[in-house]
Amino acid sequence: MYMPVKAVLSTVLLAALTGATLVARGPVHHGDATNYTPEGAYGACGARSSNSDLVVALNPSAYNNGNNCWRHIGVSYNGNYVEATVVDLCPGCARYGIDLSPAAFTRLAPLEKGRIQVDWHFL
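Report on the accompanying structure. Predicted, not measured: the structure shown is a model, and the values here were computed from it. (Residues numbered from 1 in each chain as written. Predicted model: local features only at pLDDT ≥ 70, side-chain atom pairs only at ≥ 80, totals over all residues. Heavy atoms only, no water.)

A word on the overall build of the protein
Then comes step 1: Helices and strands together make up the secondary structure of the protein, namely three helices and six strands.
Then comes step 2: Written out in order from the N terminus, the α and β elements of the protein read α-β-β-α-β-β-β-α-β.
Then comes step 3: For the protein, with 123 residues in total, the buried portion stands at 38%.
Then comes step 4: Contacts in the protein between residues at least 24 apart in sequence constitute 72% of all its contacts with a sequence separation of at least 6.
Then comes step 5: In the structure as shown, the protein presents an accessible area of about 7200 Å², 55% of it carried by carbon and sulfur atoms. (Helix = DSSP H or I, 4+ residues; strand = E, 2+ residues; numbered from the N terminus. Buried < 20%, exposed > 50% of the residue type's maximum accessible area, 1.4 Å probe, protein only. Contact = heavy atoms within 4.5 Å. Areas by Shrake-Rupley, 256 points an atom, 1.4 Å probe, with all protein chains shown as cover.)

Listed below in structure tokens is the structure:
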């Protein structure tokens, strides 16, 4: 879709003046979120991650043979929100399921919850 330069600049200026954030995002998925401990190990995307990093392992469908490595996702649960970077594959996760590092999971709920129903999307 074509948008005139003046309209684009007006939109950006309005966002800047109001403090709004312009975020492109994909469709929202609903699924289980669990937590895992990377503990400095290499993930399927080829880099090390620690438990304190805001990272996520995706289910095989969303992981898409590594094509979504390093993308960011936004995750919501019970009024809480976290952004995490895709660094790993979760082969045991169901469709739309994700596995969050302890740091990412605790932004949403206590680790003791174990499994929560979240909404998430690619940023």
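Remarks on the state of the cysteines
Then comes step 1: Applying the stated rule across the entire model yields two disulfides.
Then comes step 2: Here Cys45 is linked by a disulfide to Cys69, with a sulfur-sulfur distance of 2.1 Å. Linking Cys45 and Cys69, the disulfide has an S-S dihedral of approximately -85° and is accordingly described as left-handed. Of the two residues, Cys45 is situated in the loop between strand S1 (29-35) and strand S2 (55-58) and Cys69 in the loop between helix H2 (60-63) and strand S3 (72-77); the sequence distance between them amounts to 24 residues.
Then comes step 3: When the cysteines engaged in disulfides are numbered in sequence order, the protein pairs them as 1-2, 3-4. (Disulfide = S-S within 2.5 Å.)

Considerations on the packing of aromatic side chains
Then comes step 1: Summed over the entire model, instances satisfying the criterion amount to one aromatic pair.
Then comes step 2: Ring geometry for Trp120 against Phe122: centres 5.4 Å apart, planes inclined by 80°, an arrangement best described as edge-to-face. The burial state of Trp120 is the same as that of Phe122; both residues are buried. (Phe/Tyr/Trp six-rings, centres within 6.5 Å; stacked < 30°, edge-to-face > 60°.)

Comments concerning the environment of Tyr77
Then comes step 1: Take Tyr77: it is sitting in strand S3.
Then comes step 2: For Tyr77 and Asp119, which are 42 residues apart along the polypeptide, the C-alpha to C-alpha distance reads 6.8 Å.
Then comes step 3: Look past the residues within four positions of Tyr77 in its chain and what remains in contact with it is Leu108, Ala109, Lys113, Ile116, Gln117 and Val118.

Examining the side chain of Asp99
Then comes step 1: With respect to the helices and strands, the residue Asp99 is situated in strand S5 (residues 98-100).
Then comes step 2: Among buried charged residues, Asp99 stands out as having no salt bridge; its nearest opposite-charge side chain is Arg115, 8.0 Å away.
Then comes step 3: Separated by 2.7 Å, the side chains of Asp99 and Thr34 make a polar contact.
Then comes step 4: At a separation of 3.3 Å, a polar atom in the side chain of Asp99 contacts the main-chain amide nitrogen of Asn35.
Then comes step 5: Residue contacts for Asp99: discarding those within four places in its chain leaves Thr34, Asn35, Tyr36, Val55, Val56, Ala57, Cys90 and Cys93. (Lys, Arg positive; Asp, Glu negative; His and termini not counted. Salt bridge = Lys/Arg side-chain N within 4 Å of Asp/Glu carboxyl O. Polar contact = N/O pair within 3.5 Å; in protein donor to acceptor, adjacent residues only side chain to side chain.)

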